[in-house]
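As a plain string of letters, each chain reads:
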Amino acid sequence: MSQLRIAQVVPPIERVPPVGYGGTERIVDELIRELSRRGHEVTTFASGDSEIAGNHVVTIPRALRPAGLGDDPLPWMVATVRAVLELAARGEFDVIHSHLELMSVPLAAATPVPVIATFHGRMDHPALGRALAGTSARLVAISAHQASARPEMDWTVIHNGLSLDQSPFERRRDDALVFVGRVAPEKGIVEAIEVAQRVGRPLRIAAKIGTLRSEREYHEEIFLPALRAAGEDVTFLGELDGSARDELVAKSYATLMPGAWPEPFGLVAIESLACGTPVIARRVGALPEIVREGVDGFFGDDVQHLASLVERADGLDREAIRASVIDRFSAVRMTDGYETLMHRVAGPRAVTTGDRGPRATQARRRPPILVPLEPPAPIAPVVMGADGPAVARPL
């Protein structure tokens, strides 16, 4: 199979991979590593604090959310698009894979290089139909449910995948329930507290507090009062790194996902199942594409219904849950889908393996490229060098 020069374009909001919360960035990290392992030359546009396997274009020194600059990412998104276009104009890429949501549309319009645009968020905004109409980008949805919000568009559905085979598995578990996610109303974090209280089980919460004003207000005015009222049976652990989060899930009785928000995918679900931990959730979004009811967990309609299902999780086969999800949602299977699509859209741009030498050693490593920016306030102008990005020393 031919090898490709691939640009992976990541929003400058979280590092790659994220230390804690960050679904899009975890998926991109898996893709970068697996595509590079297969011999493709991958160049990733991401924040400078990212740890990239392959070529790295630094679009901002530090990711916006950790730097406290998350309220207005648009200027940085535009700067990212410009950096991609500068290198694309030099003939550096056979295909561009963008994760910039709607910014992928003007990116595709401004370059002859084929653009694959993966959408990681909701697609039911009323203006999205007009925004996507006529785009040259090849659109990818991460679930059939996500794509169904825009049936008029030509979607390729590729489920997210992770390297799940190293997820911890505990045969002896405690009685506690666990919630992983964001402190946000759509995630159902307060409802998780209510479910735990109804069934008389402890609840451990590993959740990120957002930087948006609305998220901070919800944390202060809604979540904290509910947490205080619940007493010592509910423990808020904040945002955990990946290994600590997995260990927490692995020892828990079940994972609660009571949010009414239509999940475009639901990485929390596959991570929980990879630990053999059943999921108790609302039947929303893509979750029915992941959780097999009565096998991996159960779906309820409201807090009362969810609470009535919790004890049934004790009868599920946790080893079978783990084995199935590791196969169904692996990073290898996800990369297979993207690699096939990339070859399809790249067409004659692709160079055969024989033209570039042995597959295992083909990927040409270049030094990371630095867009010389200092982290300003969100409204500060973006300054780019007249001759393009400056070259930095290799990682």
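1. Some words on the overall build of the protein
Link 1 in the chain: The helix and strand tally for the protein stands at 15 helices and 15 strands.
Link 2 in the chain: Taking all 395 residues of the protein together, the buried fraction comes to 57%.
Link 3 in the chain: Once local pairs closer than 6 in sequence are excluded, the contacts in the protein between residues at least 24 apart make up 67%.
Link 4 in the chain: Approximately 16400 Å² of the protein is accessible, and the part contributed by carbon and sulfur atoms is 53%.

2. Regarding the pairing of strand β4 (residues 95–98)
Link 1 in the chain: On β4, burial covers both faces: Val95 and His97 on one face and Ile96 and Ser98 on the other are all buried.
Link 2 in the chain: Of the pairings in the sheet, the one linking strand β1 (residues 5–9) to β4 comprises 4 bridges and is parallel in character. Its bridge partner being in β4, alanine 7 is matched across the sheet by isoleucine 96.
Link 3 in the chain: Pairing of β4 with strand β5 (residues 115–119), which is carried by 3 bridges, proceeds in the parallel orientation. Across the sheet, the residue bridging to isoleucine 96 is valine 115, located in β5.
Link 4 in the chain: Each parallel crossover has a hand, and the one from β4 via helix α4 (residues 104–109) to β5 is right-handed.

3. Brief notes about unusual backbone geometry
Link 1 in the chain: Valine 16 connects to proline 17 through a cis peptide bond whose omega is -10°.
Link 2 in the chain: Tracing the backbone shows proline 17 in the loop between β1 and α1 (23–37).
Link 3 in the chain: Phi angles above zero are rare outside glycine, and glutamate 101 is one such case at about 55°.
Link 4 in the chain: Mapped onto the secondary structure, glutamate 101 falls in the loop between β4 and α4.
Link 5 in the chain: The class for glutamate 101 is partly exposed, based on a relative accessible area of 26%.

4. Description of the pattern of salt bridges
Opposite charge on two side chains permits pairing when their charged atoms draw close.
Link 1 in the chain: This structure, assessed with the given rule, holds 24 salt bridges.
Link 2 in the chain: Here aspartate 336 ties to arginine 38 by a salt bridge, and the two come within 2.8 Å at their closest N and O atoms. A residue pair is termed long-range when its members are at least 10 positions apart, and aspartate 336 in helix α14 (residues 331–346) and arginine 38 in the loop between α1 and β2 (41–46) qualify at 298 residues.
Link 3 in the chain: Accessibility expressed as a relative area gives 37% for aspartate 336, which makes it partly exposed.
Link 4 in the chain: With its nearest N and O atoms 3.4 Å apart, the salt bridge here joins glutamate 86 to arginine 82. Within this pair, glutamate 86 and its partner arginine 82 are both found in helix α3 (residues 74–89), separated by 4 residues, close to a single helical turn.
Link 5 in the chain: Sharing partners across several salt bridges, the network here consists of Glu34, Arg37, Arg38, Asp336 and Glu339.

5. Points about the confidence of the model for the protein
Link 1 in the chain: Per-residue confidence for the protein gives a mean pLDDT of 88, with 87% of residues at or over 70.
Link 2 in the chain: Below pLDDT 50 for its whole length, residues 352–365 participates in 29 contacts with residues either more than four positions away or in separate chains.

6. Some words on the side chain of asparagine 55
Link 1 in the chain: Mapped onto the elements, asparagine 55 comes out in strand β3 (residues 55–58).
Link 2 in the chain: At 3.5 Å, the side chain of asparagine 55 forms a polar contact with the side chain of glutamate 41.

7. A closer look at the side chain of arginine 282
Link 1 in the chain: Counting through the fold element by element, arginine 282 comes out in strand β12 (residues 279–282).
Link 2 in the chain: In terms of polar contacts, arginine 282 uses its side chain to reach the backbone carbonyl oxygen of aspartate 301, at 3.1 Å.
Link 3 in the chain: In this structure arginine 282 touches Glu191, Met257, Pro258, Gly259, Ala260, Leu287, Phe299, Gly300, Asp301, Asp302 and Leu306, once residues within four positions along its chain are discounted.

8. Some thoughts on the sheet that holds β12
In a beta sheet, neighbouring strands pair by backbone hydrogen bonds and run either parallel or antiparallel.
Link 1 in the chain: Strand order across the open sheet formed by 6 strands is β10-β9-β8-β11-β12-β13, with parallel pairing between neighbours. At either end of the open sheet lies a strand with only one pairing partner, and these are β10 (234–238) and β13 (297–300). On average, each strand axis in the sheet is tilted by 25° relative to the strand beside it, whichever way the strands run.
Link 2 in the chain: Taken together, the 4 bridges between β12 and β13 define a ladder with parallel strand orientation. When the sheet's bridge partners are listed, alanine 281 is paired in β13 with phenylalanine 299.
Link 3 in the chain: Of the strands in this sheet, β8 (177–182), β9 (203–208) and β10 are in contact with helix α8 (residues 213–230), which crosses β10 at around 145°.
Link 4 in the chain: In this fold helix α10 (residues 267–274) packs onto β8, β11 (254–257) and β12, with an angle of close to 170° to the strand it touches most, β11.

9. Examining helix α9 (residues 242–250)
Link 1 in the chain: Within α9, burial applies to Arg245, Asp246, Leu248, Val249 and Ala250.
Link 2 in the chain: On its buried face, α9 sits against α1, β8, β9, β10, β11 and α10.

10. Describing the packing of aromatic side chains
Link 1 in the chain: Taken as a whole and judged by the stated rule, the model has 4 aromatic pairs.
Link 2 in the chain: Ring plane angle 70° and centroid distance 6.0 Å describe the contact between phenylalanine 45 and phenylalanine 93, whose orientation is recorded as edge-to-face. Placement of the pair is phenylalanine 45 in strand β2 and phenylalanine 93 in the loop between α3 and β4, with a sequence separation of 48 residues. Assigned by exposure class, phenylalanine 45 and phenylalanine 93 land together as buried.
Link 3 in the chain: Ring geometry for phenylalanine 265 versus phenylalanine 329: centroids 5.8 Å apart, planes at 75°, classification edge-to-face. Taken together, the residues span a long stretch of sequence, with phenylalanine 265 in the loop between β11 and α10 and phenylalanine 329 in the loop between α13 (318–328) and α14 at a distance of 64 residues. Like phenylalanine 265, the residue phenylalanine 329 is buried in the burial classification.
Link 4 in the chain: In this structure, arginine 173 packs its charged tip against the face of phenylalanine 169, placed 5.3 Å from the ring centre.
Link 5 in the chain: Here the basic side chain of arginine 318 rests over the ring of tyrosine 253, its NZ or CZ set 5.6 Å away from the ring centre.

About the thresholds
- Residues numbered from 1 in each chain as written.
- Predicted model: local features only at pLDDT ≥ 70, side-chain atom pairs only at ≥ 80, totals over all residues.
- Heavy atoms only, no water.
- Helix = DSSP H or I, 4+ residues; strand = E, 2+ residues; numbered from the N terminus.
- Buried < 20%, exposed > 50% of the residue type's maximum accessible area, 1.4 Å probe, protein only.
- Contact = heavy atoms within 4.5 Å.
- Areas by Shrake-Rupley, 256 points an atom, 1.4 Å probe, with all protein chains shown as cover.
- Pairing = 2+ DSSP bridges.
- Right-handed = clockwise from strand over helix to strand, strands pointing away.
- Salt bridge = Lys/Arg side-chain N within 4 Å of Asp/Glu carboxyl O.
- pLDDT = per-residue confidence, 0-100.
- Polar contact = N/O pair within 3.5 Å; in protein donor to acceptor, adjacent residues only side chain to side chain.
- Axes fitted to C-alpha atoms, helices over the stretch in contact; angles between N-to-C directions.
- Phe/Tyr/Trp six-rings, centres within 6.5 Å; stacked < 30°, edge-to-face > 60°.
- Lys NZ or Arg CZ within 6 Å of the ring centre and 35° of its normal.

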